[in-house]
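# Coordinate analysis (summary)
Next come the chains, spelled out residue by residue.
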Amino acid sequence: MPVTSEATTTWNGSLMEGSGNVAFSSSNLGTFPINWKARSEGSDTTTTPEELIAAAHSSCFSMALSNALADNGTPPERVNTTASVTFKPGVGITGSHLNVNASVPGLTPEKFQEIAEGAKTGCPVSQALASIDITLEATLA
């Protein structure tokens, strides 16, 4: 049975001077501010579409990796993934870099790298982002 997830954005004004808010249907955390300045210059206080994509990519990859490791007979104790999504104004989203560190007893670094590469390819968000460069840095704790 398919599951549909939703987020709603309200935008006011033009691209350069305007701003908005995004809210998630699954959350009572309120709204998150968005604007062009944060997207094009970076911000520690305002989210961006790329930060939201990074959240989706890091969480999807972590789940895919955890599942692949369990299927290998070596379930992880912990998987910690950061996704860094790059946006270039005038060009668009150019890449996502996955940096994962995991604690997996009984697994060699070489086998971990192999399984992590498979999870990168198999992750549904990676598949949705197939038009951009996706790189992976995978290390065992």
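Small disclaimer: the values here were computed from a predicted structure and weren't measured.

Before going further, it helps to spend a moment on the packing of aromatic side chains. Scanning the entire structure with this criterion turns up two aromatic pairs. Here the aromatic rings of tryptophan 36 and phenylalanine 87 are separated by 6.0 Å at their centres, their planes lie at 85°, and the arrangement is edge-to-face. One end of the pair, tryptophan 36, is in helix 1 (residues 36-41); the other, phenylalanine 87, is in strand 4 (residues 78-88), with 51 residues separating them in the sequence. Here tryptophan 36 and phenylalanine 87 have matching classes, each one buried. Its guanidinium or amino end placed over the ring of phenylalanine 87, arginine 39 lies 4.3 Å from that ring's centre, counting from NZ or CZ.

Looking at where alanine 64 falls in the secondary structure, it is placed in helix 2 (residues 49-71). For the pair formed by alanine 64 and glycine 118, sequence separation is 54 residues and the distance between their alpha carbons is 8.9 Å. Alanine 64 has contacts with Ala119 and Cys123, leaving out every residue within four places of it along the chain.

In this section: the nonpolar core. Within the largest apolar cluster, 22 residues are counted, with the highest numbers of intra-cluster contacts made by Phe61, Leu65, Leu69, Val100, Phe112 and Leu136. Counting residues per element, the ones that place at least two in this core are helix 2, strand 4, strand 5 (92-103), helix 3 (109-122) and strand 6 (133-140). Of all the elements, helix 2 adds the most residues to this core, at five residues.

This paragraph deals with the sheet that holds strand 2 (residues 19-24). Taken in spatial order, the three strands line up as 1-2-3 in an open sheet, and their pairing is antiparallel. Two strands bound the open sheet, and with one partner strand each, they are strand 1 (7-12) and strand 3 (32-35). On average, adjacent strands in this sheet sit at an angle of 25° to one another, irrespective of strand direction. Pairing geometry for strand 2 and strand 3, over four bridges, is antiparallel. Each residue of the ladder has a partner; that of valine 22, found in strand 3, is phenylalanine 32.

Here the focus is the pairing of strand 5. Direction of pairing for strand 4 relative to strand 5: antiparallel, over a ladder of 11 bridges. Directly across from threonine 82, in strand 5, lies its bridge partner asparagine 99. The loop that links strand 4 with its antiparallel partner strand 5 comprises three residues; one of these, glycine 90, has a positive phi angle of about 85°. Examined bridge by bridge, strand 5 and strand 6 share eight bridges and lie parallel to one another. Note on strand 6: the bridge partner recorded for glycine 95 is aspartate 133.

Next up on the list: helix 3. Helix length check: helix 3, at 14 residues, gives a terminal C-alpha distance of 20 Å against a target of 20 Å (1.5 Å per residue), a fit within 8%. Taken together, the buried positions of helix 3 are occupied by Phe112, Ile115, Ala116, Ala119 and Lys120. End-on view of helix 3: buried residues confined to an arc of 145°, all on one side of the axis. Summarising the geometry of helix 3, the exposed residues directed more than 90 degrees from the buried face are Glu110, Glu114 and Thr121. Those residues of helix 3 that are buried are in contact with helix 2, strand 5, helix 4 (124-128) and strand 6.

Reading the values: rules and limits
Residues numbered from 1 in each chain as written. Predicted model: local features only at pLDDT ≥ 70, side-chain atom pairs only at ≥ 80, totals over all residues. Heavy atoms only, no water. Phe/Tyr/Trp six-rings, centres within 6.5 Å; stacked < 30°, edge-to-face > 60°. Helix = DSSP H or I, 4+ residues; strand = E, 2+ residues; numbered from the N terminus. Buried < 20%, exposed > 50% of the residue type's maximum accessible area, 1.4 Å probe, protein only. Lys NZ or Arg CZ within 6 Å of the ring centre and 35° of its normal. Contact = heavy atoms within 4.5 Å. Core = buried A, V, L, I, M, F, W, Y, C linked by side-chain atoms within 4.5 Å. Pairing = 2+ DSSP bridges. Axes fitted to C-alpha atoms, helices over the stretch in contact; angles between N-to-C directions. Expected span 1.5 Å × (residues − 1). Arc of directions from axis to C-beta.

Read these as layout, nothing more, since geometry by itself doesn't imply function.
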